[in-house]
Amino acid sequence: MNMEETLHDHAVVPRTDEEKDKVLKRLKRIEGQVRGIQKMVEADRYCVDILVQISAIQSALKNVGYEVTERHMKHCVADAISKGDGDDSIEELMAVLKQFSK
């Protein structure tokens, strides 16, 4: 599934500033971790230390994904179900979750 295949261009219920800030802070922290790994590679650091950091980033990204998924289910999917469009919304979410769990 790519961006053109989604049901909506924007969130059905816009994210609050607090929600955006929380996700953006986490993503910026992850971005900093990635830069740290780049520096570790440049400095020829021990492979296991690099792998530990990669694992931490993967976990952090997964947690951001879970947060976004939970919000999507509580707002967008719930809204679609209440309007009688639940099947399409659930199918879309399931396709993304299958991709997410690879």
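See the structure printed just above.
It should be emphasised that the depicted structure is a prediction, and the values quoted were computed from it without experimental measurement.

### Quick look at the overall build of the protein
For the protein, the count of helices and strands is 3 helices and 0 strands. Secondary structure elements in the protein, listed N-terminal to C-terminal, are α-α-α. Taking all 102 residues of the protein together, 17% fall into the buried category. For the protein, the share of sequence-separated contacts (at least 6 apart) that also reach a separation of at least 24 residues comes to 62%. Total accessible area on the protein is roughly 8000 Å²; 55% of this is exposed by carbon and sulfur atoms.

### Digging into the nonpolar core
With 7 residues, the main nonpolar core is built from Val23, Ile30, Ile37, Met40, Ile50, Ile57 and Val64. Of all the elements in the fold, those that place two or more residues in this core are helix H1 (17-42) and helix H2 (47-82). The greatest single-element share of this core, amounting to 4 residues, is contributed by H1. Excluding anything up to four places from it in sequence, isoleucine 30 contacts Ile57, Ala60, Leu61 and Val64.

### A few points about H1
With 26 residues, H1 ought to run about 38 Å at 1.5 Å a step, and its terminal C-alpha atoms sit 37 Å apart, in line with that. For H1, the set of buried residues is Val23, Ile30, Ile37 and Met40. Those residues of H1 hidden inside the fold are in contact with H2.

### Quick notes on a nonpolar patch on the surface
A grouping of Leu24, Leu27 and Leu61 is seen on the molecular surface, where their side chains present a nonpolar patch of about 240 Å² in accessible area. With respect to the helices and strands, leucine 61 occurs in helix H2.

### Considerations on the pattern of salt bridges
Counted under the stated rule, the structure contains 7 salt bridges. With a shortest N-O distance of 3.0 Å, arginine 35 and glutamate 31 are connected by a salt bridge. Of this pair, arginine 35 and glutamate 31 are both found in helix H1, 4 residues apart, which corresponds to roughly one turn of the helix. In this structure, lysine 74 and glutamate 70 form a salt bridge, with 2.8 Å as the shortest nitrogen-oxygen distance. Of this pair, lysine 74 and glutamate 70 both sit in helix H2, 4 residues apart, roughly one helical turn.

Thresholds applied
- Residues numbered from 1 in each chain as written.
- Predicted model: local features only at pLDDT ≥ 70, side-chain atom pairs only at ≥ 80, totals over all residues.
- Heavy atoms only, no water.
- Helix = DSSP H or I, 4+ residues; strand = E, 2+ residues; numbered from the N terminus.
- Buried < 20%, exposed > 50% of the residue type's maximum accessible area, 1.4 Å probe, protein only.
- Contact = heavy atoms within 4.5 Å.
- Areas by Shrake-Rupley, 256 points an atom, 1.4 Å probe, with all protein chains shown as cover.
- Core = buried A, V, L, I, M, F, W, Y, C linked by side-chain atoms within 4.5 Å.
- Expected span 1.5 Å × (residues − 1).
- Patch = residues over 30% accessible without salt bridge, like charges linked within 9 Å, V, L, I, M, F, W, Y side chains within 5 Å.
- Salt bridge = Lys/Arg side-chain N within 4 Å of Asp/Glu carboxyl O.

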